[in-house]
Amino acid sequence: MTRHAAAAERPELQQGFSPAHLPFDADRVRADFPILQQQVYGRPLVYLDNAATAQKPRAVIDAISNYYLSDNANVHRGVHLLSERATGAYEHARTVVQRFLNARESREVVFVRGTTEAINLVAQSYARPALKPGDEILVSILEHHSNFVPWKMACEATGARLRVVPMTDAGELRMDEYERLLGDRTRLVALGHVSNALGTINPAAEIVRIAHARGVPVLLDGAQAVPHMPVDVTALDCDFYAFSGHKLFGPTGIGVLYGKAELMNRMPPWQGGGDMISSVTLDEVRYNTLPAKFEAGTPDIAGAIGLAAAIDYVNGLDRAAAAAHESALTRYAEERLSDFDDVRLIGRAAAKAGIVSFVMASAHPHDIGTVLDREGVAIRTGHHCCQPLMHRLGVPATARASLAFYNTREDVDRFVDALARVREMFA
Ligand SMILES: Cc1ncc(COP(=O)(O)O)c(C=O)c1O
């Protein structure tokens, strides 16, 4: 692996991302998140559902509220001052995302509703027109439904076939199978960068390198990666990269599709309406250039501004120290759970990001979640929008604690104490 490729996979090797020498001060950053200061059921909230959605720092809330208090107007249309300000802030947000992902050009950043919409855009506009019967799309068994169902739909509409890369029992992608399944008929690889259900960090740069060696483009679902590690789409060389604002400490309703300009220029628009056209007559519609071509209608202006504020906030942290803090907490939680003889950890990949998924012999995940909630501890239970993965694991559901940099050892202790309570109740 080249240093460049290694850097794309190992955040700590990236430029300006030096190993942390100082411990991360989670208590200090917690103070930036007003929602974490509350009590639930008379106890301080322990929020361990960050993979579902992360909490928002005051800076994000203020950016959105300031926009509505002083700049609110529609973008790209008005000649008046407010519209100029709103347009400026919206396009500035695009530049913030471009730098965050290290994309070459800001027109390669398309604002969408979230990861789901980003993937659907590529499935509808890139895959569907290109797919022929017998062609193949390659996903993995680890995928979230939003990186599975859109491809299944595109395959069903065109006669193409969805191929699925299996995983090891530890939850790691079978790279040997990946190479084997990547064949002459593969038209696109669509893989998660980090698994939401197990936390597995896939070797993204390696995945792209192998696919490109066979001329196959790659989409990476980065929903669970961007909150935990710096992502450099130029170093990764991926063709598409999707993520959601709300998992990155930004607002809901906004997300990003990064796509290489040479690919996106060739793709037809997928939604028609305002802003995506350059001219319309009764006989002919001419489309706008990137990125407007893919942003029909009034966008989520406040959302883009909030997302930029979230990125500014995250960029202000020592990300290496934050990642080290999250890994230490994940290991600590796993160690403490190993004291429970009726708990089975699910997902033991060597490279993991902030997820502790488990089942308990004595209690159904839903009961675990309900008891923990009453103890003031918020976790997620269910299939995590990964039913094919649950099927592979032979479980209907898991309980999942997912960590962010603002979580502390006390949070983990409260979580483990609450699990002891579950055992008392159900064993
Ligand atoms: C890995 C992964 N991909 C895609 C999604 C979908 O994201 P959204 O619902 O924000 O579109 C999620 C959300 O949980 C996810 O974890």
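A brief structural summary. Counting from 1, residues in each chain are numbered in the order their sequence is written. In view of the model being predicted, local features appear only for residues whose pLDDT reaches at least 70, and side-chain atom pairs are presented and counted only at 80 or more, with totals across whole chains, interfaces and linings using the full set of residues. Heavy atoms throughout the structure, all of them, feed into the side-chain values; hydrogens and water do not.

1. Side note on the overall build of the chain
Here is step 1 of the chain: The helix count covers DSSP runs of H or I at least four residues long, the strand count covers runs of E at least two residues long, and both are numbered beginning at the N terminus. Helix and strand counts for the chain come out as 15 helices and 17 strands.
Here is step 2 of the chain: Note that the radius of gyration is over C-alpha atoms, with the globule rule given as 2.2 Å times the number of residues to the power 0.38. Taken against the 2.2 N^0.38 rule, which gives 22 Å for 427 residues, the C-alpha radius of gyration of the chain at 22 Å falls within 12% of a compact globule.
Here is step 3 of the chain: With respect to the three principal axes, the spread of C-alpha positions in the chain is 70 × 55 × 40 Å.
Here is step 4 of the chain: Split into buried and exposed, the 427 residues of the chain put 57% on the buried side.
Here is step 5 of the chain: Counted over contacts in the chain with a minimum sequence separation of 6, partners at least 24 positions apart contribute 71%.
Here is step 6 of the chain: Per-residue and other accessible areas follow the Shrake-Rupley method at a 1.4 Å probe size, with only the shown protein chains counted as cover for residues. Surface summary for the chain: the accessible area is close to 17,900 Å², and the carbon and sulfur share equals 50%.
Here is step 7 of the chain: A distance of 3 Å separates the average location of the 44 positive side-chain charges in the chain from that of its 50 negative side-chain charges. Note on exposure labels: buried denotes an accessible area under 20% of the residue type's maximum, exposed denotes more than 50%, and partly exposed covers the range between, all computed with a 1.4 Å probe on protein chains only. Note on definitions: a residue-residue contact is assigned when non-hydrogen atoms from the two residues lie within 4.5 Å. Here the positive residues are Lys and Arg and the negative ones are Asp and Glu; neither His nor the chain ends is included. Note that the charge is assigned to NZ on lysines, CZ on arginines, CG on aspartates and CD on glutamates.

2. So, the sheet that holds strand S17 (residues 398–402)
Either a parallel or an antiparallel arrangement is found when strands of a sheet pair, and the pairing is made through backbone hydrogen bonds.
Here is step 1 of the chain: Spatially, S13-S14-S17-S16 is the arrangement adopted by the four strands of the open sheet, whose pairing is antiparallel. In the strand order of this sheet, the two ends are held by strand S13 (343–346) and strand S16 (380–382), each with one partner. Along the sheet, successive strands turn relative to each other by an average axial angle of 30°, direction set aside.
Here is step 2 of the chain: As defined by bridge partners, strand S14 (residues 355–360) adjoins S17 across four bridges and the pair is classed as antiparallel. Residue pairing in the sheet places serine 357 in a bridge with arginine 400 of S17.
Here is step 3 of the chain: With axes taken as lines fitted to C-alpha atoms, and helix axes fitted only over the stretch in contact, angles between N-to-C directions fall between 0 and 180 degrees. Along the sheet, helix H15 (residues 409–426) makes contact with S14 and S17, crossing S14 at roughly 10°. Two strands pair if DSSP finds at least two bridges between them.

3. Focus on the sheet that holds strand S9 (residues 240–244)
Here is step 1 of the chain: Strand order in this open sheet of seven strands is S4-S10-S9-S8-S7-S5-S6, and the pairing throughout is mixed. Each of the sheet's edge strands pairs with one partner strand only, and the pair in question is strand S4 (109–112) and strand S6 (161–165). Strand-to-strand twist of the sheet, defined as the mean angle between neighbouring strand axes without regard to direction, takes the value 20°.
Here is step 2 of the chain: Pairing of S9 with strand S10 (residues 255–259) involves five bridges; the strand directions are antiparallel. Directly across from tyrosine 241, in S10, lies its bridge partner tyrosine 258.
Here is step 3 of the chain: Along the sheet face, helix H4 (residues 81–101) touches S4, S9 and S10 and points at about 115° away from the line of S4.

4. Section: the site of the ligand
Here is step 1 of the chain: Proximity is defined per residue: any heavy atom of the residue falling within 4 Å of a molecule or strand makes that residue near it. All residues adjacent to the ligand are Gly114, Thr115, Thr116, His144, Ser146, Asn196, Asp221, Ala223, Gln224, Ser244, His246 and Lys247.
Here is step 2 of the chain: Under this definition, polar contacts are N or O atom pairs within 3.5 Å; protein pairs additionally need one hydrogen-donor-capable and one acceptor-capable atom, and for neighbouring residues in sequence, both atoms have to be side-chain atoms. Measuring from an oxygen atom of the ligand, one finds a side-chain N or O atom of lysine 247 at 2.5 Å.
Here is step 3 of the chain: Here the ligand loses 85% of its free accessible area of 390 Å² to cover by the protein chains.
Here is step 4 of the chain: Under a 2 Å grid-point criterion requiring more than half of the atoms, the pocket assigned to the ligand is the second largest pocket.
Here is step 5 of the chain: Under the scheme applied here, ten amino acids are nonpolar (Ala, Val, Leu, Ile, Met, Phe, Trp, Tyr, Cys and Pro), four are charged (Asp, Glu, Lys and Arg), and all others, including Gly, are polar. Residue composition of the shell around the ligand, by class: one nonpolar, nine polar and two charged. Buried and open spaces are told apart on a 1 Å grid over the protein atoms alone, a cavity being a set of points where a 1.4 Å probe fits but cannot get out and a pocket being an open set with protein on both sides within 12 Å along at least five of seven lines. Residues with an atom within 4 Å of a point are the lining residues. Occupancy of a cavity or pocket is assigned to a molecule whenever over half of its atoms lie within 2 Å of that pocket's grid points.

5. Some details on the layout of surface pockets
Here is step 1 of the chain: Grid points are joined across faces, edges and corners, and a volume is the space filled by probe spheres set on the points. Looking at the second largest pocket, its volume works out to about 530 Å³.
Here is step 2 of the chain: Elements with a contribution of two residues or more to the lining of the second largest pocket: helix H5 (115–130) and S16.
Here is step 3 of the chain: Of the residues contributing to the lining of the second largest pocket, the split by class is six nonpolar, 18 polar and seven charged.

6. What about the side chain of histidine 228?
Here is step 1 of the chain: Mapped onto the elements, histidine 228 comes out in the loop between strand S8 (218–221) and helix H9 (233–236).
Here is step 2 of the chain: Engagement of the side chain of histidine 228 in a polar contact is seen with the side chain of glutamate 326, the distance being 2.5 Å.
Here is step 3 of the chain: Residues in contact with histidine 228, not counting those within four places in the same chain, are Arg319, Ala323, Glu326, Ala353 and Leu403.

7. So, the pattern of salt bridges
Here is step 1 of the chain: What counts as a salt bridge is simple: a side-chain nitrogen of Lys or Arg found within 4 Å of a carboxyl oxygen of Asp or Glu. Counted by the stated rule, this structure contains 29 salt bridges.
Here is step 2 of the chain: Across the pair glutamate 136 and arginine 161 runs a salt bridge whose closest N-O atoms are separated by 3.6 Å. Residue glutamate 136 is found in strand S5 (residues 136–140), and its partner arginine 161 is found in strand S6; the two are separated by 25 residues along the sequence.
Here is step 3 of the chain: Given a relative accessible area of 8%, glutamate 136 falls into the buried group.
Here is step 4 of the chain: Here arginine 163 ties to glutamate 136 by a salt bridge, and the two come within 3.3 Å at their closest N and O atoms. Residue arginine 163 is found in strand S6, and its partner glutamate 136 is found in strand S5; the two are separated by 27 residues along the sequence.
Here is step 5 of the chain: Several salt bridges share partner residues, and in doing so they unite Arg43, Glu375, Arg421 and Glu424 into one network.

8. Quick notes on the nonpolar core
Across soluble globular proteins, you tend to see nonpolar side chains buried next to one another.
Here is step 1 of the chain: Ranked by size, the top nonpolar core spans 85 residues in total, and within it Leu101, Tyr178, Val189, Tyr241, Phe243, Phe405 and Tyr406 carry the most contacts.
Here is step 2 of the chain: When residues of this core are assigned to their parent elements, the largest contribution, 11 residues, is made by helix H11 (residues 301–315).
Here is step 3 of the chain: By size, the runner-up hydrophobic cluster in this structure holds 30 residues, among which are Val122, Ala154, Ala190 and Phe294. Here, nonpolar core means buried Ala, Val, Leu, Ile, Met, Phe, Trp, Tyr and Cys residues that are tied together by side-chain atoms lying within 4.5 Å of each other.

9. Quick look at a nonpolar patch on the surface
Here is step 1 of the chain: Surface patches are drawn from residues lacking salt bridges whose relative accessible area is over 30%; two like charges belong together within 9 Å, two nonpolar side chains (Val, Leu, Ile, Met, Phe, Trp, Tyr) within 5 Å. Residues Val280, Val285 and Tyr287 make up a contiguous nonpolar surface patch of about 280 Å² in total accessible area.
Here is step 2 of the chain: Note that tyrosine 287 resides in strand S12 (residues 285–287).

10. Re the packing of aromatic side chains
Here is step 1 of the chain: Classification of ring pairs rests on two measures: the distance between centres of Phe, Tyr or Trp rings, Trp counted by its six-membered ring, which must be within 6.5 Å, and the angle between planes, read as stacked under 30 degrees, edge-to-face over 60 and tilted in between. Counting across every chain of the model gives 14 aromatic pairs.
Here is step 2 of the chain: With centroids separated by 4.6 Å and ring planes inclined at 45°, the aromatic side chains of phenylalanine 249 and phenylalanine 405 adopt a geometry described as tilted. Taken as a pair, phenylalanine 249 in the loop between S9 and S10 and phenylalanine 405 in the loop between S17 and H15 lie far apart in primary sequence, 156 residues in all. Just as phenylalanine 249 is buried, phenylalanine 405 falls in that class too.
Here is step 3 of the chain: Cluster of aromatic residues (ring-pair linked, three or more members): Phe24, Phe33, Phe249, Tyr313, Phe405 and Tyr406.
Here is step 4 of the chain: Working rule: Lys NZ or Arg CZ, within 6 Å of ring centre, within 35 degrees of ring normal, means a charge sits over the ring. It is arginine 409 that lies over the ring of tyrosine 332; its NZ or CZ is 3.8 Å from the centre.

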